[in-house]
Amino acid sequence: MTVFKPPLAVQTWMALHANADHWLEHLDNPNLSEEYDHSLASDRELLQSLESFPAERWQQLCYGTGWTTLGASALSWCEGASLEQVLTAWNYSPEVASPSKTEERAAVLLNPNLLPPAKLSSVIEAAKTGPNVWLLLYAFKANGTSVEQDWSEEKLRQLNKAIRALL
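Residues numbered from 1 in each chain as written. Predicted model: local features only at pLDDT ≥ 70, side-chain atom pairs only at ≥ 80, totals over all residues. Heavy atoms only, no water.

## Here we look at the side chain of S76
So, point 1. Relative to the assigned elements, S76 resides in the loop between α4 (69–75) and α5 (83–92).
So, point 2. Since its relative accessible area comes to 3%, S76 is described here as buried.
So, point 3. Looking at S76, its side chain comes within polar contact range of the main-chain oxygen of S73, at 2.5 Å.
So, point 4. Those residues in contact with S76, other than ones at most four positions away along the chain, are A81, V86, L109, L110, N111 and L114. (Helix = DSSP H or I, 4+ residues; strand = E, 2+ residues; numbered from the N terminus. Buried < 20%, exposed > 50% of the residue type's maximum accessible area, 1.4 Å probe, protein only. Polar contact = N/O pair within 3.5 Å; in protein donor to acceptor, adjacent residues only side chain to side chain. Contact = heavy atoms within 4.5 Å.)

## Details of the packing of α5 against helix α8 (residues 130–142)
So, point 1. At a closest axis distance of 10 Å, the pairing of α5 and α8 adopts a crossing angle of 120°. Here α8 runs oblique to α5, going by the angle between their axes. Of the two possible hands of crossing, α5 and α8 adopt the one that is right-handed. Between α5, through L83, L87, W90 and N91, and α8, the contact on the second element is made entirely by P131, N132, W134, L135 and L136.
So, point 2. Taken together, the residues that form the contact of α5 with α8 break down as seven nonpolar, two polar and no charged. (Axes fitted to C-alpha atoms, helices over the stretch in contact; angles between N-to-C directions. Parallel < 35°, antiparallel > 145°, perpendicular 65-115°, else oblique. Left-handed = near helix turned anticlockwise from the far one by under 90°. Nonpolar A, V, L, I, M, F, W, Y, C, P; charged D, E, K, R; others polar.)

## Some details on the nonpolar core
So, point 1. The biggest cluster of nonpolar side chains holds 47 residues, and the ones touching the most others in it are L50, W58, L75, W134, L136 and L137.
So, point 2. Among the elements of the structure, α1 (8–25), α2 (33–48), α3 (55–65), α4, α5, α6 (101–108), α7 (120–127) and α8 are those that each provide at least two residues to this core.
So, point 3. Of all the elements, α8 adds the most residues to this core, at eight residues.
So, point 4. W58 has contacts with A9, T12, W13, L50, F53, G71, A74, L75 and C78, leaving out every residue within four places of it along the chain. (Core = buried A, V, L, I, M, F, W, Y, C linked by side-chain atoms within 4.5 Å.)

## What to know about α5
So, point 1. Listed in full, the buried residues belonging to α5 are L83, V86, L87, A89 and W90. Buried residues of α5, seen end-on, are gathered within an arc of 160° and therefore sit on one face of the element.
So, point 2. Where α5 is buried, its residues meet α4, α6, α7 and α8. (Arc of directions from axis to C-beta.)

## Re the environment of E56
So, point 1. Relative to the elements of secondary structure, E56 occurs in helix α3.
So, point 2. Judged by its relative accessible area of 45%, E56 falls in the partly exposed class.
So, point 3. On a C-alpha basis, the gap between E56 and L75 in space is 9.0 Å, while along the polypeptide they are 19 residues apart.

Laid out in structure tokens, this is it:
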């Protein structure tokens, strides 16, 4: 009997989502911070395996399975992916309406090589929408990068609370 082994991209998609589901189930356990760190490291290794996988093929997979924020973040690691493609995919996910722990995990996994310059004006110009601004700012924060606030105080006050909290 032949056992079906899914292609690498499908295995990666399944593992990313299974890891996230497992992490969410145990989120309230304060003794699992080491496991969370291990889980993120494992997910980053999976994502690095996508560096030679064409972005167009990953997009086809995610159109077939349904876009998630994890799928959008994984796209950022694929060969030929652009930030614009990732932000578009991020908005296809039904989860982006209000950032939750799932979106935070997906933002942490975004490929830092695709991020715009670490200036608020650059982030807003690249992002174009509130959920995308949140994603990019959270990704910078998760990578320990400060974003230069090159906006006036008046303009900063116009940003929503979730975005201001990341500055």
